[in-house]
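Letter by letter, the chains look like this.
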Amino acid sequence: MSINFDKERFLHRHIGTNPDQISEMLSLIGASSLDELMDQTVPKNIRLTHEVELDEPMSEYRFLEEFRELASENEIFDSYIGMGYHETLTPNVILRNVLENPGWYTAYTPYQAEIAQGRLEALINFQTMVADLTGRELANASLLDEGTAAAEAMSMFYAMRRGAKRKQAHTFFISELCHPQTIEVIEGRAEPLDIKVIVGNHRELDLSDSELFGILLQYPGTDGSVVDYSGFIEAAREQGNQVAVAADLLSLTLLTPPGEMGADAVVGTTQRFGVPMGFGGPHAGYFATREKYKRKIPGRIIGVTKDAEGNPVYRMALQTREQHIRREKATSNICTAQVLLAVIAGFYGVYHGPGGLRRIAERIHGLATVMHRGLQSLGFIVENEHYFDTLKVRLESSARQVELRKAALSQQVNLRYFEDDSVGIAFDQVKDLDHVDQLLSLFAGLDEAEHESDGKADLQVDVQQLAEGVTVDYPDSLTRTSSYMEHPVFNLYHTEHEMLRYLKELENRDLSLVHSMISLGSCTMKLNATAEMIPLTWPEFGKIHPFVPQDQARGYHTLFEKFEKQLMAITGFEAVSLQPNSGAQGEFAGLMTIRAYHRNRGEEHRRVTIVPDSAHGTNPASAVMAGMEVVVTECDEHGNIDPDDLREKAERHKEDLAALMVTYPSTHGVFEEDIKEICQVVHDYGGLVYMDGANMNAQVGLTSPAEIGADICHLNLHKTFCIPHGGGGPGMGPIVATKELEPFLPGHPVVSTGGEQAINAIAAAPWGSASILSISYAYIKLMGNEGLTRATEIAILNANYLKDRLQDHYPVLYTGQNGRAAHEFIVDLRPFKQSADVESVDVAKRLMDYGFHAPTMSFPVPGTLMIEPTESESKAELDRFCEAMIAIREEIRAIEKGESDPEDNPLKNAPHTMRTVMASAWDHPYSREKAVFPLDYLRFDKFWPAVSRVDDAYGDRNLMCSCVPVEAYSEGQQPAAVD
């Protein structure tokens, strides 16, 4: 036999089944080949007639070699730009055991609390830290970035206007001291809601203006100034206004927190808590507010409740606020948080503790103070009276600013250059006195009359001498006197050994892809390959500030250019914006782009968006945020959009029709045969088609958004293109569009990007969470067109294999004309409510005893499970899941036959913890063995749920969203938040 000299292909590592297994599966479902299955599943009139033009696939090793070369094009300068982005040190114990650990980054959003206690505890640590530092009672579990968090504060205030004086108010004031990217994001969010935004000096604001409803301040200001806002906030609130403050969280270890000044909401970013800058993201924004606003706060909240054993446990609280339930009545469209980054920031707080955070803050402030003293000795004027880490230095002219910039760049230093010829200097955790010395030499070199051309030879500033006697010296009104982070969790794990054990303890409470398949319909939990993840923590990508000169980020820009070409080839479109930070944000960006298109054509009145009743909850919520009127179109008995109902509604609203939002394949897991005709109907009446890209995993290589007739779509990179879910974030939702929509793609106020008639920035950073784009780029490079197409085919095969194996045991709701599903399908559990009093939640919890995370529960149809196996799972894993589901059906059948107690049975009591089955007393009519070892494989490889069934209703009635006090536990119980 001749030797094959071809290098190993990544395709065979990504796809879980081999050719023999594929043949077995095809035989079981009655298809002779993958080609025949695709012909039976995907309508012929939308099939691609050409190959997607992508580079030939690369091996993992060659890709990493090439990508290392691309990374080397990025230059790492010392950054003093600030503006909400700072260099930081990720503790190695957190870097290795969280950020680089698939046990943390492959987990799903913690909807199933019993197998997510580790992440939930990490998030409640985050919430507690944020609430303590900001001085407010309640914090959420993260938002996308600081700009988004500030915009959400405005939206919350707008929704909460009360009283005759403020109910009709439509003006939101932003201090000119706020970061420019924050101002821009808020303006973009305000415009479709007809909110008037005013930017100016807060001291000159007429607080009695009846049009005013809310205010945003920055603390410290973007220029570094620290202002006592307490009097202003008190006066504003007396007039019925609500006030938000965007605050640097680290500074609040030294400064009076905004909550103690009376702020109604405090927002910001936790990036400098150990999360790399990454050219803009991903980072966890934060949002803290008054407890009385708990039902209006955006994003997810982690709360405390009890389980069936009576133990205090964690879960996601107040889920009825979420857009999947509220839909067009939701106050926010936020679906993806930044969980992994919030976890890291929270662990950063745990590792350093309150004392450690204060020491870091004092040191940073000390460096700024030494710099201030040195600049004064050189004759420069620092404009800040009080500051934390940032100085604004006045220069005499633009010529001197240009001279300083040239000198700084020659020494690989990035400063911030203001339009008024001043310069900003922001210090951070990695800087030291040598950096101060270098900067002072640059400023000394500006005065040629007193110094030599190199500036340093005659430098008369002794940095060590300047540093002597430096203290934290703020006025009493600005000095923090309150305690923070006193809970034991922030005071026990300051050695690496203890921290490591704590991290592993929490990791072991969570089920993730390292344990078993997570078959979540619409969420696409597939392989996040190690080769794709490795570059994420390279310093060439992590240490770049998003606002550096573009020639320092050539590697990033090369990545963007190549990745955009990949996405255009896959979707068939001609334009891309990489800015949206999540799928929901991509929806908003796409709809705002459509609005701008209509406005440019003189048809701004087009505000009606048609949304199928099966759509993701973010669809109608995004439409409302974009200022659209939502009109719901019905689906027929087969789960497809009813073309007659759509046509009737398009006709009725033809003068005002802006768009149709459609998911393809449908949320019901079916390729709709009439999709081209549906898109044409919308076009005929002057509207555009927005395609939700949630189900692109069933399209790539076989069809495309352009082929079906869409005009714009977002792509969930954390689904189809392999960015990990990270426990509910990070995510990315780039939008891809036709040439006609390119001029309107999002811009940015700091870095030039977007179209010629760009809409406002959608995210704080120009390219969103830029550092994780490398993951999806790597996936496409490793797979190539053949690999991506095969991945789609196997995703469809796996779904149909599971469907056919399960359909004799569970009713399957929807299939295509030939009885095929797309990449996901829905099993109907509603009949079991009547026959055995078993509901979808019972099956979901029982699956935990079998070692599986439940499929998507009760969406899009209440009382069902939506199952998506993905292409990455092996036949053995698919069969193991089927065996579990079939075994659970037999348990239901035992109830139906009267062989099992209808109230005391394995489903109603699931999940079963090690504590319950090892207890001396066991009073259930079924055996312990039946409870925890219902199938033989579990005897040798058992994932134990950390807690018993969680009582959601109790948690909402008794809301508690911070670390549990130790005294809340009875003697001998282990607190969930501490060891």
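Residue numbering note: each chain is counted from 1, following its sequence as written. The predicted nature of this model means local features are confined to residues of pLDDT at least 70 and side-chain atom pairs, given and counted, to a pLDDT of 80 or more, with totals for whole chains, interfaces and linings taken over all residues. Where side-chain values are given, they derive from all heavy atoms of the structure, hydrogens and water being excluded.

Caption draft 1: Fine view of the side chain of Asn905. Among the structural elements, Asn905 can be located in the loop between helix H30 (875-896) and helix H31 (906-909). Note on classification: 1.4 Å probe, protein chains only; a residue is buried when its accessible area is under 20% of the maximum for its type, exposed when over 50%, partly exposed between these limits. Residue Asn905 is classed as buried on the basis of its relative accessible area of 0%. There is a polar contact of 2.8 Å between the side chain of Asn905 and the backbone oxygen of Asp901. What qualifies as a polar contact is a pair of N or O atoms within 3.5 Å, subject to a donor-acceptor requirement within protein and to the restriction that residues adjacent in sequence count only when both atoms come from side chains. Within polar-contact distance, the side chain of Asn905 engages the backbone nitrogen of Leu907 at 3.0 Å. Every helix listed is a DSSP run of H or I at least four residues long, and every strand listed is a run of E at least two residues long, numbered separately from the N terminus.

Caption draft 2: Representation of the pairing of strand E7 (residues 265-269) in the model. Counting buried positions along E7 yields five of five residues, so the element is predominantly enclosed. Residues of E7 alternate between two faces, with Ala265, Val267 and Thr269 on one and Val266 and Gly268 on the opposite face, all of them buried. Of the strand pairs in this sheet, strand E6 (residues 242-247) and E7 are connected by three bridges, and their pairing is parallel. Across the sheet, residue Ala246 finds its bridge partner in E7, namely Val267. One requirement defines pairing of two strands: DSSP has to find at least two bridges between them.

Caption draft 3: Expanded view of the pairing of strand E15 (residues 423-426). On E15, burial covers both faces: Val423 and Ile425 on one face and Gly424 and Ala426 on the other are all buried. Pairing geometry for strand E12 (residues 390-394) and E15, over four bridges, is antiparallel. Directly across from Thr390, in E15, lies its bridge partner Ala426. Pairing geometry for strand E14 (residues 416-417) and E15, over two bridges, is antiparallel. Residue pairing for E15: Arg416 is matched across the bridge by Gly424. Where E14 folds back on E15, the antiparallel hairpin that results is connected by five residues, among which Asp421 adopts a positive phi of roughly 75 degrees.

Caption draft 4: Region of interest: helix H10 (residues 180-190). Buried residues dominate H10, accounting for nine of its 11 residues. Those residues of H10 not exposed but buried are Gln181, Thr182, Ile183, Glu184, Val185, Ile186, Gly188, Arg189 and Ala190. By the convention used here, residues are in contact when the closest approach between their heavy atoms is within 4.5 Å. Those residues of H10 that are buried lie in contact with helix H8 (146-159), strand E3 (171-175), strand E4 (196-200), strand E5 (212-219), helix H22 (583-600) and helix H23 (618-625).

Caption draft 5: Just the sheet that holds E12, in detail. Taking strand neighbours across the sheet as the criterion, the four strands line up as E11-E12-E15-E14 in an open arrangement whose pairing is antiparallel. The open sheet has two edge strands, strand E11 (381-382) and E14, and neither has a second partner. Here the axes come from fitting lines to C-alpha atoms, over the contacting stretch only for helices, and the angles between their N-to-C directions go from 0 to 180 degrees. In the packing of helix H14 (residues 339-377) onto the sheet, the strands contacted are E11, E12 and E15, and the crossing angle to E12 comes to about 15 degrees.

Caption draft 6: Examining the pattern of salt bridges more closely. Salt bridges are defined as contacts in which a side-chain nitrogen from Lys or Arg sits within 4 Å of a carboxyl oxygen from Asp or Glu. Under the criterion given, the structure shown has 62 salt bridges. With its nearest N and O atoms 2.9 Å apart, the salt bridge here joins Asp879 to Arg805. Here the residue Asp879 occupies a position in helix H30, and Arg805 occupies one in helix H27 (residues 773-806), the gap between them amounting to 74 residues. Note on Arg805: relative accessible area 23%, which makes it partly exposed. Linking Asp842 and Lys908 is a salt bridge whose minimum nitrogen-to-oxygen distance equals 2.9 Å.

Caption draft 7: Seen up close, H30. The length a helix should cover is 1.5 Å for every residue beyond the first. With 22 residues, H30 ought to run about 32 Å at 1.5 Å a step, and its terminal C-alpha atoms sit 31 Å apart, in line with that. Within H30, 17 of the 22 residues are buried, which leaves it mostly tucked inside the rest of the structure. Backbone geometry just downstream of H30 places Gly898 in the positive-phi region, at approximately 80 degrees.

Caption draft 8: Here's a closer look at the nonpolar core. Residues belong to a common nonpolar core when they are buried Ala, Val, Leu, Ile, Met, Phe, Trp, Tyr or Cys residues joined through side-chain atoms within 4.5 Å. Counting 248 residues, the largest nonpolar core has Phe347 and Phe443 as the members making the most contacts within it. Among the elements that line this core, the one with the most residues is H14, at 20 residues. If near-sequence neighbours (up to four positions away) are discounted, Phe347 is found in contact with Ile94, Val98, Trp104, Ala122, Met499, Tyr502, Leu503 and Leu506. Listed in part, the 35 residues of the second largest apolar core include Ala150, Ile186, Ala244 and Leu959.

Caption draft 9: Highlighting the packing of helix H3 (residues 34-41) against H27. Following both chains from N to C, one finds H3 and H27 inclined at 75 degrees, their axes separated by 10 Å at the closest point. As the angle between them shows, H3 and H27 are arranged roughly perpendicular. Together, Leu34, Asp35, Leu37, Met38 and Thr41 of H3 and Arg790, Glu793, Ile794, Ile796, Leu797 and Asn800 of H27 make up the contact between the two elements. Here the residues of the contact of H3 with H27 sort into six nonpolar, two polar and three charged. In what follows, roughly perpendicular refers to angles from 65 to 115 degrees, roughly parallel to angles under 35, roughly antiparallel to angles over 145, and oblique to any angle outside these ranges. Gly counts as polar in this scheme, as do all residues outside two lists: the nonpolar Ala, Val, Leu, Ile, Met, Phe, Trp, Tyr, Cys and Pro, and the charged Asp, Glu, Lys and Arg.

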